[in-house]
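# Observations on chain architecture
Listed below are the residues making up each chain.
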Amino acid sequence: LEEIQDMGNFYKRKVVNYRGTTSDSKEYYTEVVAEWILKNIYLFDYIKPITREKSYKVDSHDGKNKDNDSNREEEKIAMKLFDLSQNQGKVFDVIGKIIDYQTPLKDIQTDKAGKIDLLAYNENEEEKTLRILELKKPDSEETMLRCVLEAYTYLKVVDKDKLLKDFGLPEDTEIKACPFVFYDGEQHQEMKEIKDSRKNLGELIEKLGIEVIYLKEENGEYSVIEE
């Protein structure tokens, strides 16, 4: 019962972020957790969406850190990427244009919900897709399992129809949950092991419809890669 009531915060559990292996089977802890989730995937249906009365689109978001009070590296990177799209017209490969950062999910202060790091919209002949991007800094030690579950939780929590309406996007836009991690970072290394020692993670990513996207930074220039 506790799991059912708290699936919206499951991604925050310590065991989701354990990097080691079990003493008996030498299996990654994250593989054990991913296997449990696969067997109990219906529990995510108990996550209640939060309908935000105010607009998801916050007018004050302009990519400028007015008070210079952000000590979170992720937030600084997010604002830089937003600025590149909004003020310099950059359209990124795969994800298109970044349309917002730190998008609030809460309706009232007591709601247990975070903020979406980045929203990116891509429209072409093949797709109309809004991506919920869960950004991690280059040296992040969070497991890919945590990134996957956090992005998916936000997808379950957000009022999808209202999100599209608030940003003036077509009603038939597909919304995807996407871990947005640095190429060659810890999470990327885990993804390289998906076919042998991290099969449960791979299956979970597929089952939840997760799209993993990589961010690369070279000489101050950012590019987006999908493998």
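Residues numbered from 1 in each chain as written. Predicted model: local features only at pLDDT ≥ 70, side-chain atom pairs only at ≥ 80, totals over all residues. Heavy atoms only, no water.

### What to know about the pattern of salt bridges
- This model, assessed by the stated rule, comprises 18 salt bridges.
- As a salt-bridge pair, lysine 156 and aspartate 45 come within 3.4 Å of each other at their nearest N and O atoms. Residue lysine 156 is located in helix α4 (residues 144–157), and its partner aspartate 45 is located in the loop between α2 (29–39) and α3 (73–86); the two are separated by 111 residues in the primary sequence.
- Taking relative accessible area as the criterion, lysine 156 reaches 19% and is therefore assigned buried.
- For glutamate 193, the salt bridge is made with arginine 198, and the minimal N-O distance between the two is 2.8 Å.
- The partly exposed category is assigned to glutamate 193, whose relative accessible area is 25%. (Salt bridge = Lys/Arg side-chain N within 4 Å of Asp/Glu carboxyl O. Helix = DSSP H or I, 4+ residues; strand = E, 2+ residues; numbered from the N terminus. Buried < 20%, exposed > 50% of the residue type's maximum accessible area, 1.4 Å probe, protein only.)

### Re the pairing of strand β1 (residues 97–104)
- Burial analysis of β1 places seven of its eight residues in the buried class, which makes it a mostly covered element.
- Relative to strand β2 (residues 115–123), β1 runs antiparallel, the two being bridged by six bridges. Considered in β2, the bridge of aspartate 100 is made with leucine 119. (Pairing = 2+ DSSP bridges.)

### Some words on the pairing of strand β5 (residues 213–218)
- Note: strand β4 (residues 174–182) against β5, three bridges, orientation parallel. The partner of valine 181 across the bridge, within β5, is tyrosine 214.
- The sheet contact formed by β5 and strand β6 (residues 221–225) spans five bridges and is antiparallel. Among the inter-strand pairings, lysine 216 is bridged to a residue of β6, identified as serine 223.
- In this structure, the hairpin formed by β5 and β6 is closed by a connection of two residues, where asparagine 219 is found at a positive phi of approximately 55 degrees.

### What about the nonpolar core?
- By size, the foremost hydrophobic cluster in this structure holds 48 residues, and its most contacted members are Leu130, Leu145 and Leu149.
- Secondary structure elements with two or more residues in this core: α2, β2, β3 (128–135), α4, α5 (160–166), β4 and α7 (199–207).
- In terms of residue count, α4 provides more of this core than any other element does, ten residues in total.
- In this structure, leucine 145 is in contact with Val16, Thr30, Val33, Ala34, Ile37, Glu190, Leu201 and Leu204, ignoring residues within four places of it in sequence.
- Counting residues in each nonpolar core, the second largest holds 21 residues, with Ala78, Phe82, Phe182 and Leu215 among its members. (Core = buried A, V, L, I, M, F, W, Y, C linked by side-chain atoms within 4.5 Å. Contact = heavy atoms within 4.5 Å.)

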